[in-house]
Amino acid sequence: MVDWLTDSWLWLTHNWLYVVVPLVVFLATYVVGLWARRVAYRAFNRWAVGKWQGSQIIIQITRTPFIYWFLILGAFIAIQISKLDSAGKILADKILASLFVFSLTWVVVSLSVKILKLYTGKVPRLQTSENVIINIIRIAIAVVGALILLDVWGAPTTPLILLLAAVILIAALSFRDLLANLYSSFQLAQGEQIKVGDFIKLESGDSGYVTDVTWSNTRLRALDGNLILVPNSRLVQGTIINYGRPLKKATRPFRFYTRLYLKELTGLSASNLAGLANLIKKVPDSVIYYHTHHFLEEYHYLTPEPANDFALWISDEFGDEVLGEKLASINIFDFLSIGALRSRIEGVITDYLSKKPEERTARDGREFHFIKSVSFIMPTSYVAHDLREFVEVLRQVSIDSLSYHIFEARLKLKKGVNDFAIWIEECLDDKDLAEKLAYLDPYNYTLEGLRSTIIQVIEKRIK
Amino acid sequence: MQNEIHLQSRSRLKDYEPVVGKSSLEELKMLAAKFSGKIVQIINSTFVGGGVAEILEHMVPLLNQLGVDARWNVISGGEEFFEVTKKFHNALHGNREKISSKDLALFSEVTQRNLKEMSFYGDIIFVHDPQPVGLIAQKKNVGKKWLWRCHIDVSNPDKKVWKFLRSFIVDYDAAVFSAPNFAHPLPIRQFLITPSIDPLSDKNKELDSGTINSVLAKYGLIPDKPMIVQISRFDRLKDPLGVIEAFKMVRKSIDCQLVLAGGTATDDPECTEVYSEVKKQAEGNTDIHILLVPPESDIEINALQRAATIIIQKSLKEGFGLTISEALWKSKPVVASAVGGIPLQVKNKLTGLLCYTVEGAAYALRQLLANPEYANRLGQNGREHVKQNFLITGHLKNYLLMFLALDHNSDVIYL
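Residues numbered from 1 in each chain as written. Chains lettered and ligands numbered in written order. Predicted model: local features only at pLDDT ≥ 70, side-chain atom pairs only at ≥ 80, totals over all residues.

Attention shifts here to the sheet that holds strand β5 (residues 241-244) of chain A. Where strands meet in a sheet, backbone hydrogen bonds hold them as pairs that are either parallel or antiparallel. Residues and elements named next belong to chain A. In space, the 5 strands of this open sheet follow the order β4-β3-β2-β1-β5, with antiparallel pairing throughout. The two strands at the open ends of the sheet, each matched to only one other strand, are β4 (227-231) and β5. Between one strand axis and the next, the sheet turns through 40 degrees on average, direction left out of account. Strand direction decides the pairing type here: strand β2 (residues 207-213) and strand β3 (residues 217-221), joined by 4 bridges, are antiparallel. Paired with V210 across the strands is L220, a residue of β3. (Pairing = 2+ DSSP bridges. Helix = DSSP H or I, 4+ residues; strand = E, 2+ residues; numbered from the N terminus. Axes fitted to C-alpha atoms, helices over the stretch in contact; angles between N-to-C directions.)

Structure representation (structure tokens):
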């Protein structure tokens with residue numbers, strides 16, 4: 001031990017310059033580092049204050065490593081001018097390079113995370129996916145850092161880079177939808193095309209209110225209450241109509257009902273005009289309603305639609321076009337009750353018979369059979385809170401629903417006006433629009449034509 | 001249980017959405033939900049052959065998919081029993097038939113045997129056609145709701161047979177007929193529900209031209225020669241001889257071919273006899289093709305209908321005539337007799353042409369062959385008419401509504 005100390009002292013007395021100079025250089029570099037940090041951060045502060053919030057993060061994170069880097073630089077220079085043999089110098093260089101890569105990786109990771117958090121904090125739709133994005137960034141930087149380290153130590157990195165590239169490619173292909181949706185969510189955020197609360201309609205015909213926009217999809221509440229998940233990439237690539245914020249809310253929502261009907265045979269039949277008129281007087285309202293309305297649905301594809309059953313039977317069976325035309329031309333829209341309509345039909349036939357007594361009888365099997373319409377009324381899942389929702393639901397409901405609210409409610413349920421007009425006047429206080437719909441004669445249209453006409457009238461109002 | 005069939009769904013309910021629309025299916029589901037925990041027991045006389053079995057084959061699985069516990073049973077009969085019920089069938093159509101007291105006794109005996117052998121477990125027991133009508137005798141023991149579905153044209157029945165059957169029918173809770181003029185004065189409720197076709201079945205689904213051409217080649221039919229087709233089992237009430245007569249009148253002035261294609265049913269022993277008569281009548285005429293096709297040849301029937309220029313259905317009597325709906329669904333112009341439920345499907349000059357005689361049929365055929373644009377227009381209207389009124393989804397809806405109606409007497413029912 002004493003010998004070793006003696007030898008070292010002797011070596012130091014002969015070579016003190018090779019020790020002191022590197023030490024001085026190392027310390028000088030440290031001092032220069034302290035000075036450089038002060039100057040650089042002052043300049044950076046002057047430039048960045050008020051311009052960018054991220055500047056404080058950069059200062060906070062790089063302040064300490066800045067000095068470490070100068071220490072590493074000082075050590076590097078000191079070793080280069082020292083009397084260390086070349087093998088020692090190479091080893092020392094590698095250790096210093098590794099320390100530098102470690103610290104730099106840590107700084108880049110910390111900076112990226114903090115800056116990302118700064119931005120995701122401002123974009124609510126990205127907050128839910130923040131952890132996923134941060135982890136992806138951490139892994140990516142760590143992998144790059146590891147590759148550089150391996151290179152520093154002379155490990156073969158080319159196969160690893162190729163492997164990594166292949167993994168990235170496979171992952172990109174596997175998660176291409178995910179990535180496309182992620183990218184699309186940034187596009188949506190940047191363009192502010194869709195906001196929570198907007199009413200949108202997609203190319204597919206689906207529509208609803210936007211309730212949430214996440215990094216992968218956008219959630220819509222459809223008008224029947226169902227949740228629709230739309231991938232963000234579809235929103236960016238496809239055509240969407242954004243109607244913006246909801247219109248004036250109704251004081252009470254409109255619940256769409258549907259009416260299905262069953263044909264019940266009454267067992268009553270007429271083989272001549274007198275018998276027909278006589279039974280028209282006696283049969284229940286639902287029988288008159290059936291024979292004056294069923295063709296609207298059963299033959300809704302024909303233009304013009306066939307007339308009521310009484311007119312058709314008289315024209316077809318007796319060839320009496322005059323009486324047939326008189327009955328066909330009775331405008332059902334003029335009547336507010338089935339009783340009044342019944343009296344009119346019966347009146348036309350009896351008036352005709354009083355002028356021209358009719359003896360003809362229908363052929364066997366061609367008698368007029370009285371049929372009753374039994375209505376089953378059910379609520380649907382569709383509800384409208386404003387006119388925009390109302391129009392969109394109207395596009396989707398069945399013609400049974402349309403028939404119920406327009407024809408059945410007005411006449412069979414004795415409301416006198418169709419349900420749509422009543423709701424618009426009572427719950428939206430829009431007398432003008434209500435009046436337009438109330439005076440729209442639905443018997444002039446096919447059911448699909450009627451649907452389109454009502455939609456047009458309301459859309460004009462919305463604009 | 002004996003004589004019960006368990007069918008697998010061929011089509012999913014969702015598959016009907018492109019055809020009938022989402023809202024129609026939603027309405028069906030809402031109705032079906034009202035039958036949770038209830039069993040609908042369907043009873044008829046055969047699982048195979050004829051329109052009734054064909055409808056039930058598609059309807060029962062669809063009811064099950066909707067969540068309705070529907071089960072299908074058949075009665076056991078035997079050749080003699082079905083000969084008697086075939087006589088009933090003809091007599092109900094208005095034909096003169098010798099029905100002896102021995103026949104009635106056999107009917108009652110088989111009914112008694114089935115009453116003992118079968119179990120009646122349904123909350124709704126839905127009996128189809130005259131063969132099992134006597135099972136109503138069990139109502140006093142099991143209670144529940146009993147419905148009788150008549151698929152036959154009973155507008156002008158043999159009084160003796162009708163009186164015999166009526167004694168059973170009046171004990172049902174309701175009866176169902178396919179056309180208004182089939183109804184009779186009965187002390188029970190009577191509903192009008194038309195039968196239907198399944199647009200996704202092998203008989204009605206879209207086919208490619210390769211399949212159609214291969215069927216034409218198989219039967220030696222010429223693809224580019226106008227083709228008049230009647231599809232129905234070999235039954236005198238379908239008037240196959242009348243069709244041949246009408247065709248011969250048309251053939252004098254227009255080059256065309258006639259195809260009479262049909263099968264047999266286990267409950268119709270007369271088929272083979274009529275087939276021989278028709279073959280004999282067509283003998284020597286190379287433009288007339290008589291094809292006896294087995295029940296599982298739905299694709300072939302479909303191909304023949306799609307290859308047809310005109311579909312004819314010159315029945316003398318007809319319950320409903322589903323072959324008309326099948327033809328209209330394929331947008332084919334139709335010439336059909338104004339009997340039974342046919343006028344419900346063919347509105348004269350709007351969805352097809354109606355005829356009353358052989359001469360009338362020949363005239364209508366000539367009009368359509370000579371005016372393809374007019375024929376096409378009728379066919380297009382016909383398809384829409386079927387879509388709105390005679391598809392299986394509408395049929396299901398009507399049955400469900402009827403089951404519900406049994407518990408209500410009002411004309412407006414809030415569900």
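Alright, that's what it looks like, and here's the rest.
So, on to the environment of B:E27. Tracing the backbone through its elements, the reader meets B:E27 in helix α2 (residues 22-32). With 25 C-beta atoms counted inside 10 Å, the residue B:E27 sits in the buried group. Considered as a pair, B:E27 and B:S196 are 169 residues apart in the sequence and their alpha carbons are 18 Å apart. Ignoring anything within four residues of it in the chain, the contact list for B:E27 reads A:T258, A:L260, A:S398, A:D400 and B:K397. (Buried ≥ 20, exposed ≤ 12 C-beta atoms within 10 Å, placed from the backbone. Contact = placed C-beta atoms within 7 Å.)

Take the interface of chain A and chain B next. Taken residue by residue, the interface counts 28 residues in chain A and 33 residues in chain B. Those elements that provide at least two residues to the side of chain A that touches chain B are β6 (254-270), α10 (285-298) and β7 (368-384) of chain A. Among the elements that take part in the side of chain A that touches chain B, β7(A) stands out by supplying 8 residues, more than any other. Looking at the side of chain A that touches chain B, its residues break down into 12 nonpolar, 9 polar and 7 charged. When β6(A) meets strand β7 (residues 189-192) of chain B, the two strands line up antiparallel, connected through 3 bridges. Along β7(B), the bridge assignment pairs A:E264 with B:F191. (Nonpolar A, V, L, I, M, F, W, Y, C, P; charged D, E, K, R; others polar.)

With that settled, the discussion passes to the pairing of strand β8 (residues 227-231) of chain B. Working note: regular strand, side chains alternate between the two faces of the sheet. Residue and element names in this part refer to chain B. Of all 5 residues in β8, 5 are buried; the element is thus mostly enclosed. Burial along β8 is two-sided: M227, V229 and I231 and I228 and Q230, pointing in opposite directions, are all buried. Two strands pair when backbone bridges link them, and β8 and strand β9 (residues 257-262) are joined in this way by 5 bridges, in the parallel orientation. Note that in β9 the partner of Q230 across the bridge is L260.

Attention shifts here to the confidence of the model for chain A. For residues with low pLDDT, the predicted coordinates do not support detailed interpretation. Confidence along chain A averages 86 in pLDDT terms, with 95% of residues attaining 70 or more. Of all secondary-structure elements in chain A, the lowest mean pLDDT belongs to helix α4 (residues 124-127) of chain A, at 60, while helix α16 (residues 419-428) of chain A reaches the highest, 96. (pLDDT = per-residue confidence, 0-100.)

Our focus in this paragraph is the domain arrangement of chain A. All names here are of chain A. When cut into domains, chain A gives domain 1 (2-174), domain 2 (193-244) and domain 3 (254-462). Centre-to-centre, using C-alpha coordinates, domain 2 lies 38 Å away from domain 3. Across the boundary between the two partners, domain 2 contributes 6 residues, which contact 7 residues of domain 3. (Domains from an automatic or database assignment.)

Glancing now at the domain arrangement of chain B. Residue and element names in this part refer to chain B. In terms of domains, chain B is made up of domain 1 (4-196 + 391-405) and domain 2 (209-389). A straight line from the C-alpha centre of domain 1 to that of domain 2 covers 27 Å. Domain 1 puts 23 residues into the contact, and the matching count from domain 2 is 22 residues. Counting only elements with at least two residues in the side of domain 1 that touches domain 2, the list comes to α3 (50-65) and α4 (79-92). At 5 residues, the largest contribution of residues to the side of domain 1 that touches domain 2 is made by α4.

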